[in-house]
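The chain contents come next:
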Amino acid sequence: MGIVNMAHGDIYMAGAILTFYVVSTLGNFWLSLVVVPVVIILISAPMERFVLRPYEGYHSSSMIATVGISFIIQQIALGTYGGIPKKITNPWPISFNFLGVDYPGYRFLVACISILILAGLWLFLYKTSYGILVRASMQDREMASAIGINVNQVLVTTFVMGSVLAAVGGILAAPINQVSYLMGNDIVLLCFIVVIVGGLGSLKGTLIAALSLCSLEGMMASILSPTQARAAIFVIMIIVLMRRPQGLFTE
Amino acid sequence: MSMIFGKIVEKRPIVFYVAIVFLLLFLVMGVTLPKGARSLVIQMMIFSILGMGYDLSLGFTNQCSLGHSVFFGAGAYGVIFSIMYLKVGLLPSLSFSFVAGLVFAVITGVISVRLSEAYFVIVTAIFFAVFHLLAMDMTWLTGGDDGLSIQLPALSLGFGKLSLYDPLVNYYFVLAFLVLSYLILDRIVKSPMGKVFISIRESEKRVQFLGYNVFRYKLIAFILSGMFSALSGGLYALTLRYGSADFFSFHWSIMPVVWCLIGGLGTLVGPWIGAVIMSLFQYYVSAWWTYYLILFGIIILLILRISRKGILGYIISRRLT
Amino acid sequence: MASGANFLETLDVTKRFGGLTALDHVTYAVKEGEVRGIIGPNGAGKTTFFNVITGELKPTSGKIFLKGEDITDLSPHLICQKGLSRTFQLTLVFPEMTVYDSIWVGVNLRKRWPWNPVVSAHHILDVSQRTQEICELVGLTEKMNELAYNLSYGHQKVLEIAMALSTEPSVLLLDEPTQGVSPQETDNISKVIEKLSKNMTIILIEHSMDVVLRLCHVITVLSEGRVIAEGRPEEISKNEEVQRIYLGEVS
């Protein structure tokens, strides 16, 4: 969509925080996969319509508008949830023993769910007729509306889907990391880098970039300190972009 | 026979007058304001320099960088290291800031400037992240989060010595640099090179097909932008007598963007307006509501709604129509 | 081998975009001082041809020569510096700069002043003189201090031409200079082109047969990326295949 959404990380955070509330009031973690997306849809649709849509084409303005939203969401979270990071109990505290190494069951489950989601997304974008509309609108908005696509609706849908995905990420991440109102900030830059290095518009690229980035970071963290490992992968990403400015895979 | 370059004369005086008004106000406030307010204004002036530097990048060549905190931090540590280890005087330490800005801007610029818009934004953001992480990690060098404090040398001018510990001296020292920076940047922007910058902003493709090596010009604008941002970092370190890894944080990358967009992009003086509004806001509102950042966000959204080019941009466009 | 007699020449240029062949082995030669027309139905590859010549696109195969020099792999700004200048079908003007400033930008480069940040360009008489001359040449003197976005479409088209002229080209490529303007403005622009043709080589992409027949010494007809006819206006207007292509076309 051409928008750098600085509030994307905060939607992820909102997903996690809402999960916390679902768990503490309703007692069931898995319910949040149903409840939270609904809430997020209700929040992100008006966000796109009233805050982002006016700035189409003015990239720096829309970016700053999302910064404004980011401030607002973070402060609301701070005010309601509080500044102290809290934990959610592991919803599947089993561990598998595979070839002598223990794998936590929940994380394995998260990996499976993520693969399913990605597969679903890929199917949607490449195999359904609505997916074609989305891709057409992204490639050439004027042309798309000229041939009768309701571009505005597509934009809202895409944005909402992106937000829901972010929130689901937050839901799944909640039991693993601590839930805090600052969660979004850590993740948002990684998210942008992964998308850019993978290549804008390429799902495959994003996936590969994400996997490689995390594996690399994991490996580096065993030799360097975590902060250094993080900095190191950033440097590697810069080098990758120097060699291939358009990202690894392009549409 | 001399032609006036484009009769954007309608546009020029307004920005110019606004600048004069600001500078006069700043001049007077130095002696009339109480201590607390005065140090707030010093901050506003420093932020104005940072904002102006950033405007050169975003407002004049349409390069939306998120990595300017690197220059701000580099400038601050340029001052701190040169005073701590090289024992230089006050003015020389600021030249170290300037040079630090140059060096870092060249390094980041050569890599980022050739990239297209969204990629540029994110790569500059990566640079911010790298340097921020390194600054926080290398506490032996930077003091990490806690930072390093310095003892300020005296400011030796031809006719005697002044100490920046005197708040009045500090104030007018910063004001002098604001004026100087404005004059230099204004000259640059109105020069032939500045006009080329503006044409790049208006249509990069077109300028390329007029024979210009666009990359070179964008890089120069980026480097100049970094140098003045570093200068503001140096002044900030001098005023606080301190610098920390926090000077590399995202706050210093994103605030200049906010100041420019709120105050008016591409005007040099717009960021002054943005910095003043935001600083006042932060100072007063944070006192009665902890969650003042919510209002921060709302103000940003409101002002951007009214005019994408910020307050000054709005005023100018009203005058032109 | 490039012939020295040819001012601008393409040898066997092919441009493919994935499966689509936009230009198919196009060999084209222009002599100094000629006014050449390129016509053809939409999608024939005319603008792609210009894009390849001016360096915006690299040909898949083939070579381009300007005054005997191989310019195939040069970047656009260098090609422009060598004396090749173009206008764009969709006008690329500088919206918030005045007409005078817009033309000034190109003239400025030719007069080699851009590095001097201190001396105000006020005092550079030959730059301002040349800029005014160009304004007069295209008839925009009254509008000299208008902002480009305030100009009517017809005037913007003329400004496009003026900007292309500011680079002191020896070869001028005009991409549909009369598209979308009133008959009176078409006439005006034709007169300007006629005036220019006395001093430079011009290649003209046009849909308006009147303009092409009136101004051009030689007309080339492109269809589906191939040159299907080339000759003097009288020959071309009698050519059956050309007539078939144009009669089937709403132009």
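Not measured: the values here are computed from a predicted model.

1. So, the overall build of chain C
Then comes step 1: On a plain count of helices and strands, chain C comes out with nine helices and 10 strands.
Then comes step 2: For chain C, whose C-alpha radius of gyration is 18 Å, the value lies close to the compact-globule estimate of 18 Å for 251 residues.
Then comes step 3: Viewed in the frame of its principal axes, chain C has a C-alpha envelope of about 55 × 40 × 35 Å.
Then comes step 4: The contacts of chain C with a sequence gap of at least 6 include a subset with a gap of at least 24, amounting to 66%.

2. Here's the deal with the overall build of chain B
Then comes step 1: Looking only at helices and strands, chain B has 14 helices and four strands in total.
Then comes step 2: Since a compact globule built from 321 residues should have a radius of gyration of about 20 Å, the 19 Å found for chain B is in line with a globular shape.
Then comes step 3: Oriented by its inertia axes, the alpha-carbon framework of chain B measures out at about 50 × 50 × 45 Å.
Then comes step 4: Burial status across chain B gives 55% buried among its 321 residues.
Then comes step 5: Across chain B, every contact between residues at least 6 apart in sequence was considered, and the portion connecting residues at least 24 apart equals 77%.

3. Examining the sheet that holds strand S10 (residues 226-231) of chain C
All names here are of chain C.
Then comes step 1: The strand order across the open sheet built from six strands is S6-S7-S8-S3-S9-S10, with neighbouring strands paired in mixed fashion. Each having just a single partner strand, strand S6 (84-86) and S10 make up the two edges of the open sheet. Looking at each pair of strands side by side, their axes are set apart by 20° on average, direction ignored.
Then comes step 2: In this sheet, strand S7 (residues 171-175) lies alongside S6 in parallel orientation, the contact comprising three bridges. Paired with Ser85 across the two strands is Leu172, which belongs to S7.
Then comes step 3: Sheet contacts for helix H1 (residues 46-53): strand S3 (35-39), S6, S7, strand S8 (201-205) and strand S9 (218-223); angle to S7, the most-contacted strand, approximately 145°.

4. Observations concerning the pairing of S3(C)
All names here are of chain C.
Then comes step 1: Among the five residues of S3, five are classified as buried, and the element is accordingly described as predominantly covered.
Then comes step 2: Because side chains alternate across S3, one face comprises the buried residues Val35, Gly37 and Ile39, and the other comprises Arg36 and Ile38, equally buried.
Then comes step 3: Of the strand pairs in this sheet, S3 and S8 are connected by four bridges, and their pairing is parallel. In the strand pairing of S8, Ile38 is matched with Ile205.
Then comes step 4: Direction of pairing for S3 relative to S9: parallel, over a ladder of four bridges. Pairing of Arg36 across the sheet is with Val218, part of S9.

5. What to know about the interface of chain A and chain B
Then comes step 1: Between chain A and chain B, the contact holds 37 residues from the first and 34 residues from the second.
Then comes step 2: Broken down by secondary-structure element, the contributors of at least two residues to the side of chain A that touches chain B are helix H3 (59-81), helix H8 (183-198) and helix H10 (226-243) of chain A.
Then comes step 3: The biggest single contributor to the side of chain A that touches chain B is H3(A), with 15 residues.
Then comes step 4: Looking at side-chain class alone, the side of chain A that touches chain B contains 27 nonpolar, nine polar and one charged residues.

6. Comments concerning the packing of H3(A) against helix H11 (residues 250-263) of chain B
Then comes step 1: Viewed as axis vectors pointing N to C, H3(A) and H11(B) meet at an angle of 115°, and their least axial separation amounts to 10 Å. Between H3(A) and H11(B), the angle is such that the two are roughly perpendicular. Crossing of H3(A) over H11(B) shows left-handed handedness. Packed against H3(A), whose contacting residues are Ser60(A), Ser61(A), Ile64(A) and Val67(A), the element H11(B) presents Ile254(B), Val257(B), Val258(B) and Leu261(B) at the interface.
Then comes step 2: The residue makeup of the contact of H3(A) with H11(B), split by class, is six nonpolar, two polar and no charged.

7. A few points about the confidence of the model for chain C
All names here are of chain C.
Then comes step 1: On average, residues of chain C carry a pLDDT of 83, and 90% of them reach 70 or more.
Then comes step 2: Mean pLDDT across the secondary structure elements of chain C bottoms out at helix H9 (residues 240-247), with 72, and peaks at S7, with 92.
Then comes step 3: Scoring of the predicted complex yields 0.88 for pTM and 0.86 for ipTM.

8. Notes on helix H3 (residues 68-84) of chain B
Then comes step 1: Helix length check: H3(B) (17 residues) gives 24 Å between terminal C-alpha atoms against 24 Å at 1.5 Å per residue, within 8%.
Then comes step 2: The element H3(B) is extensively covered by neighbouring structure, given that 15 of its 17 residues are classed as buried.

9. Looking at the arrangement of the chains
Then comes step 1: The pair of protein chains exhibiting the most contacts, out of two pairs of chains in contact, is chains A and B.
Then comes step 2: Regarding chain A and chain C, which are not in contact, the minimum distance between any of their C-alpha atoms is 12 Å.

10. Concerning the packing of helix H12 (residues 270-288) of chain B against helix H13 (residues 292-306) of chain B
Residue and element names in this part refer to chain B.
Then comes step 1: Their axes nearest at 9 Å, the elements H12 and H13 cross at an angle of 140°. Relative to H13, H12 is oriented oblique. The interaxial crossing formed by H12 with H13 has right-handed handedness. Across the interface between the two elements, Phe281, Gln282, Val285 and Ser286 from H12 touch Tyr292, Leu295, Phe296 and Ile299 from H13.

11. Things to note about unusual backbone geometry
Then comes step 1: Positive phi, close to 50°, is recorded for Lys87(B), a residue that is not glycine.
Then comes step 2: Structurally, Lys87(B) is set in the loop between H3 and helix H4 (90-112).

12. Observations regarding the environment of Val88(B)
Residue and element names in this part refer to chain B.
Then comes step 1: Inspection of the secondary structure puts Val88 in the loop between H3 and H4.
Then comes step 2: Residue Val88 is classed as partly exposed on the basis of its C-beta count, with 17 C-beta atoms lying within 10 Å.
Then comes step 3: Residues Val88 and Pro153, spaced 65 residues apart in sequence, show a C-alpha to C-alpha distance of 7.9 Å.
Then comes step 4: Those residues in contact with Val88, other than ones at most four positions away along the chain, are Ser82, Ile83 and Ser93.

13. Re the nonpolar core
Then comes step 1: Membership of the largest hydrophobic core comes to 230 residues, with the highest contact counts inside it found for Ala16(A), Ile49(B), Ile126(B), Val258(B), Ile300(B), Ala162(C) and Leu204(C).
Then comes step 2: In terms of residues, this core owes the most to one element, helix H10 (residues 214-240) of chain B, which gives 16 residues.
Then comes step 3: Here this core spans two domains, and each of domain 1 (8-181) and domain 2 (184-251) of chain A adds at least three residues to it.
Then comes step 4: If near-sequence neighbours (up to four positions away) are discounted, Ile126(B) is found in contact with Ile193(A), Phe234(A), Met237(A) and Ile238(A).

14. Overview of the pairing of S9(C)
All names here are of chain C.
Then comes step 1: The sheet contact formed by S9 and S10 spans five bridges and is antiparallel. Its bridge partner being in S10, Val221 is matched across the sheet by Ala229.
Then comes step 2: Between S9 and the antiparallel strand that follows it, S10, lie two residues; Glu224 among them carries a positive phi value of about 50°.

15. Considerations on the sheet that holds strand S4 (residues 61-66) of chain C
Residue and element names in this part refer to chain C.
Then comes step 1: Strand order in the open sheet formed by four strands is S2-S1-S4-S5, with antiparallel pairing between adjacent strands. Each edge of the open sheet is held by one strand with a lone partner, namely strand S2 (20-31) and strand S5 (69-70).
Then comes step 2: As paired elements, strand S1 (residues 6-17) and S4 share five bridges and run antiparallel to each other. Paired with Thr14 across the two strands is Ser61, which belongs to S4.

16. Overview of the confidence of the model for chain B
Then comes step 1: For chain B, per-residue confidence averages 87 on the pLDDT scale, and 95% of positions sit at 70 or higher.
Then comes step 2: pLDDT under 50 marks residues 1-11 of chain B. Its contacts with residues more than four places away, or in other chains, come to 19 contacts.

17. Section: the environment of Asp12(C)
Residues and elements named next belong to chain C.
Then comes step 1: Position of Asp12 among the secondary structure elements: in strand S1.
Then comes step 2: A count of 13 C-beta atoms within 10 Å places Asp12 in the partly exposed class.
Then comes step 3: Distance from Asp12 to Gln89, taken between C-alpha atoms, is 25 Å for residues 77 residues apart in sequence.
Then comes step 4: Beyond its immediate sequence surroundings of up to four residues, Asp12 is in contact with His25, Thr27, Ser61 and Gly62.

18. Focus on the environment of Asn108(C)
Then comes step 1: In this structure, Asn108(C) sits in helix H3 (residues 99-110).
Then comes step 2: Between the alpha carbons of Asn108(C) and Arg130(C) there is a distance of 9.5 Å; along the sequence they are 22 residues apart.

Criteria and cut-off values
- Residues numbered from 1 in each chain as written.
- Chains lettered and ligands numbered in written order.
- Predicted model: local features only at pLDDT ≥ 70, side-chain atom pairs only at ≥ 80, totals over all residues.
- Helix = DSSP H or I, 4+ residues; strand = E, 2+ residues; numbered from the N terminus.
- Rg over C-alpha atoms; globule rule 2.2 N^0.38 Å.
- Contact = placed C-beta atoms within 7 Å.
- Buried ≥ 20, exposed ≤ 12 C-beta atoms within 10 Å, placed from the backbone.
- Pairing = 2+ DSSP bridges.
- Axes fitted to C-alpha atoms, helices over the stretch in contact; angles between N-to-C directions.
- Nonpolar A, V, L, I, M, F, W, Y, C, P; charged D, E, K, R; others polar.
- Parallel < 35°, antiparallel > 145°, perpendicular 65-115°, else oblique.
- Left-handed = near helix turned anticlockwise from the far one by under 90°.
- pLDDT = per-residue confidence, 0-100.
- Expected span 1.5 Å × (residues − 1).
- Core = buried A, V, L, I, M, F, W, Y, C linked by C-beta atoms within 7 Å.
- Domains from an automatic or database assignment.

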